[in-house]
Amino acid sequence: MPLDYLQKVIAHANQTNLKVHMHLAEQPAEVSACVEEYGRTPVALLQTEGLLSESFTAVHAIHVTPKAIASFARTGAMVCACPTTERNLGDGVVPADEYFKHDVPICLGTDSHAQIDLLEDARELEYHLRLQKLERAVLERGSSPTVREGVSSSLAVLLFDCATRNGARSIGAPGGTLEPGKAADHRRRFD
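Attention here is on the structure that accompanies the text.

## Observations concerning the packing of aromatic side chains
- Overall, the coordinates contain one aromatic pair when judged by the stated rule.
- For the ring pair Phe72 and Tyr99, a centre distance of 5.8 Å and an interplane angle of 70 degrees mean the geometry is edge-to-face. Residue Phe72 is found in helix 4 (residues 66–75), and its partner Tyr99 is found in helix 6 (residues 96–101); the two are separated by 27 residues along the sequence.

Here it is in structure tokens:
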């Protein structure tokens, strides 16, 4: 996609308070093509052009550098991991442990119809790292502790938030929680 077009799309999204989701650094060839055309990685290009923000979600963001992860953290951008898709396509493993160390929120999604199961994708986020690093409980050790409603989060809460709260935030939805009066409450009335 030409840079000027991308700038226009993101400017329009910012002006109209829309969220932006963009496939980014999914495959090494994509990263190489961007470096060849713009002299920068995809994340570096977006960051130096001022296109990363709290409204931006990078879908996949697998093949990134530590500097890129820091750019997400500074700008408030999110990552949407699609572990089932990434496994099935052989794209690679999202460095979720590094994102969590920098407090970069991760949500879960799919761009494949092989399997759609957010709880399985939450498990796979951890399992793929275990296979890659030949270690157990990678995200438990690698994530910085967060506090939600006064409770220090465990791995289960962290992964559940990826499947619920963070996904809702990524698309600008008011839901994402299982609480009385919220969207998942069967007693809630929709007028």
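## Regarding the environment of Ala122
- Looking at the secondary structure, you find Ala122 in helix 7 (residues 118–133).
- Accessibility expressed as a relative area gives 5% for Ala122, which makes it buried.
- C-alpha of Ala122 to C-alpha of Leu108: the two residues are 14 residues apart in sequence and 7.2 Å apart in space.
- Excluding anything up to four places from it in sequence, Ala122 contacts Leu108 and Leu159.

## Some points on the layout of surface pockets
- Estimates place the volume of the largest pocket at around 250 Å³.
- Along the wall of the largest pocket there are 15 residues; nearest its centre are Met1, Met22, Cys34, Tyr38 and Leu45.
- Residue assignment for the lining of the largest pocket shows that the elements contributing at least two residues are helix 1 (3–15), strand 1 (20–24), helix 2 (28–38) and helix 3 (42–48).
- In terms of residue count, the dominant contributor to the lining of the largest pocket is helix 2 (five residues).
- Per-class residue counts for the lining of the largest pocket are twelve nonpolar, one polar and two charged.

Procedures and definitions
- Residues numbered from 1 in each chain as written.
- Predicted model: local features only at pLDDT ≥ 70, side-chain atom pairs only at ≥ 80, totals over all residues.
- Heavy atoms only, no water.
- Phe/Tyr/Trp six-rings, centres within 6.5 Å; stacked < 30°, edge-to-face > 60°.
- Helix = DSSP H or I, 4+ residues; strand = E, 2+ residues; numbered from the N terminus.
- Buried < 20%, exposed > 50% of the residue type's maximum accessible area, 1.4 Å probe, protein only.
- Contact = heavy atoms within 4.5 Å.
- 1 Å grid on protein atoms, 1.4 Å probe; cavity = no way out; pocket = protein on both sides within 12 Å on 5 of 7 lines; lining within 4 Å.
- Points joined across faces, edges and corners; volume = space filled by probe spheres on them.
- Nonpolar A, V, L, I, M, F, W, Y, C, P; charged D, E, K, R; others polar.

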